[in-house]
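Chain and residue survey
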Amino acid sequence: MEDGWAQALAERSALGLLRQTEVLQPAPGMRPLYHDAAGRLLLSFASNDYLGLARHPALREAAQQSFAVGEFGSGAAPLLGGERRQHAELAAALASWLGVEAVLLFGSGYLANLGVFGALTSAQDHLFLDRLAHASLIDGARLSGARLQRFRHNDLEHLETLLRKPRSGRAWIVSEGVFSMDGDLAPLPELLALAQRYDAALILDEAHAFGVLGREGRGSVEHWQCDGDALILRIGTLGKAFGSYGAFVASSAFPICWLQQAARSYLFHTALPASLAAATLAALPLLQQAQDRREHLQRLRQRLQAGLHGRPFLPSQTPIQGLILGSNAAALAAAAALRAAGIYCPAVRPPTVPQGQARLRISLSAAHSIEDIEQLLHALERV
Ligand SMILES: *Cc1c(COP(=O)(O)O)cnc(C)c1O
C-alpha cells in the first residue's frame, strides 16, 4: 500500500502538481511581509486578507480580552451549549450590516457550503452551478443529492437554456459574487432576472465580495445596487477581507431557522472559539468604514494593470489579478523567479483552475503600497 502512495506522489511531482505547505511567519508591521524558514523576508501577494485587517491591533485586542476570561475553546456544538454572547452579538451585527433578518455562523466557508444545499434542496431539485464555482460549492451540491448541472462561466444564454428545460422540483442558481481565481464578477442583475423569470432561487457565495465590493463593503448587492431580498441566501467567509476566521449565511428568518435544524455541517461542528467571534466583531466596523482602503486597492490594481500591459492577465476589477501562464511548469518557474526576487506568489494549478490555465494569482491587499506593486512588476520582468 505504501508503494502505491509513493508512486502516486511521484507521478504528481512529475506533472508539476505536487503541493506542499510552507511555514511563513509574519514579520512585524502592517505590510504583508513574512519570513520563510531560512529567515528570508518575502513580500506576499498570496493572501486573501484584502483590507489588511488580519494584522489590525483591534482584532488582536478584542480576541485577547475575550479569552483573558473564561475559556478558549467553546467545547461544544452551538446547539449543545457552545454558543456564547460573542457569537450572538456577531450574528446580530452582521445581520444589521447587511440589512437581513438573520445570520447563522458556521465554522468555515467550506463547512457552510457543504451544509447549505443538503439542508435546502430535495432530490428532485436542480442545482445550476457556474462552471468556475468554488470546490466547496461543488462538493456541497454533490453531497446534497440534488441534480447538478454546470453552466459555462457567466454565460447567461447557457444558463437560460438549462433553465428552460422542463423539470420537477425547484431550481437553484448558484454563483460567486467575485470569482476566487479569475477575480471577475457575476452579472448579478441578470442572474436575478433569470431567477425571477424561471422561478429559481439564487444563492451567492460572497467570499471575495464582502469587504471588497460596495461602498460599505456589503458585496455584490451593494455594488450592483440590486434588491438583496430577491436573493435567497448569501454565504460569506470571515477568513478573507474580515481578517479573521469562520463563516456565515445571511438570509431571512425562516431559511436561517431551517438551516439551524437541517444543515449537518452546522449541527455537528464545534462552535467557533468566542474570542474569534469577538475579533470578527471588532473587524466589522473597520471593514464597513474602509472606503479609503477600498479606494487604495483600486489604485494598486490600476498601477499593476498598467505595468502588465501586453501580458496575458485577466481583466478583473477586483484585488484578484490572474496572470495566465498555461502549463504547470511555466507557472512553477514564474513563482520561483518571483521567489528569488523576494516575492511570495505561489503558482495556482489544476484542479484549482482548469487544465492548461495554470497561473499566478496575484492577490492585492490595502496593506500594499504603490512601491510594493513596483517591486512586483520589476520582479515580473524576469518571468
Ligand atoms: C475561500 C472560499 C470558501 C471557503 O471559505 P473558508 O472560510 O476558507 O472555508 C468558500 N467559497 C469561496 C468562493 C472561497 O473562495
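Note that this is a predicted model, so its numbers are computed, not measured. (Residues numbered from 1 in each chain as written. Predicted model: local features only at pLDDT ≥ 70, side-chain atom pairs only at ≥ 80, totals over all residues. Heavy atoms only, no water.)

Packing of helix α2 (residues 57–68) against helix α11 (residues 274–288) brings their axes to within 8 Å, and their N-to-C directions diverge by 150°. Handedness of the crossing formed by α2 with α11: right-handed. Here A58, L59, A62, A63, S66 and F67 of α2 lie close against α11, whose contacting residues are A274, S275, A278, A279, A282, A283 and L286. (Axes fitted to C-alpha atoms, helices over the stretch in contact; angles between N-to-C directions. Helix = DSSP H or I, 4+ residues; strand = E, 2+ residues; numbered from the N terminus. Left-handed = near helix turned anticlockwise from the far one by under 90°. Contact = heavy atoms within 4.5 Å.)

Within strand β14 (residues 358–363), six of the six residues are buried, which leaves it mostly tucked inside the rest of the structure. Of the two faces of β14, the one carrying A358, L360 and I362 and the one carrying R359, R361 and S363 are both buried. In the sheet, strand β11 (residues 320–326) pairs with β14 via six bridges, with the strands oriented antiparallel. Residue pairing across strands places I324 opposite R359, the latter belonging to β14. (Buried < 20%, exposed > 50% of the residue type's maximum accessible area, 1.4 Å probe, protein only. Pairing = 2+ DSSP bridges.)

Across a sheet, strands are paired by hydrogen bonds formed along the backbone, either parallel or antiparallel in direction. Taken in spatial order, the seven strands of this open sheet run β4-β10-β9-β8-β7-β5-β6, and their pairing is mixed. Looking at which strands have only one partner, the edges of the open sheet turn out to be β4 (102–106) and β6 (147–151). Pairwise comparison of adjacent strand axes, ignoring direction, gives a mean angle of 20° for this sheet. Two strands pair when backbone bridges link them, and strand β5 (residues 126–130) and strand β7 (residues 171–176) are joined in this way by four bridges, in the parallel orientation. Looking across to β7, one finds that L127 is bridged to W172. On top of the sheet, helix α6 (residues 156–164) reaches β5, β6, β7 and β8 (200–205); it is set at about 150° to β6, its chief contact. Strand contacts of helix α7 (residues 188–197): β7 and β8, with the helix running at about 155° to β8, the strand carrying the most contacts.

Let's shift gears to the site of the ligand. Taken together, 14 residues form the shell around the ligand, and within it G109, D205, H208, T237 and K240 come nearest. With respect to the ligand, the side chain of K240 contributes an N or O atom lying 2.7 Å from an oxygen atom. Protein chains bury 85% of the 380 Å² of accessible surface belonging to the ligand in isolation. With three residues, the top contributor of residues to the shell around the ligand is helix α4 (residues 109–120). Grouping the constituent residues of the shell around the ligand by class yields two nonpolar, nine polar and three charged. (Near = heavy atom within 4 Å. Polar contact = N/O pair within 3.5 Å; in protein donor to acceptor, adjacent residues only side chain to side chain. Areas by Shrake-Rupley, 256 points an atom, 1.4 Å probe, with all protein chains shown as cover. Nonpolar A, V, L, I, M, F, W, Y, C, P; charged D, E, K, R; others polar.)

The strand order across the open sheet formed by four strands is β1-β2-β3-β12, and the pairing between neighbours is mixed. What marks the edges here is a single partner per strand, and that holds for β1 (25–26) and β12 (343–344). Taken together, the two bridges between strand β3 (residues 41–44) and β12 define a ladder with parallel strand orientation. Looking at β12, one finds that S44 is bridged to Y344.

Further remarks concern the side chain of H269. Tracing the backbone through its elements, the reader meets H269 in the loop between α10 (264–267) and α11. A polar atom in the side chain of H269 sits 3.4 Å from the backbone nitrogen of G107. Polar contacts involving the side chain of H269 include one to the main-chain carbonyl oxygen of Y266, which spans 2.8 Å. Contact partners of H269, with chain neighbours within four places excluded, come to A77, P78, L105, F106, G107 and L111.

On to unusual backbone geometry, then. Backbone torsion omega between P350 and P351 reads 5°, so that peptide bond is classified as cis. Tracing the backbone shows P351 in the loop between β13 (347–348) and β14. Look at D199: it is not a glycine, yet its phi comes out positive at around 55°. For D199, the location among the structural elements is in the loop between α7 and β8. By relative accessible area, D199 is classed as exposed at 59%. At Q225, a residue that is not glycine, the phi angle is positive and equals roughly 55°.

Keep in mind these numbers describe shape, not what the thing actually does.
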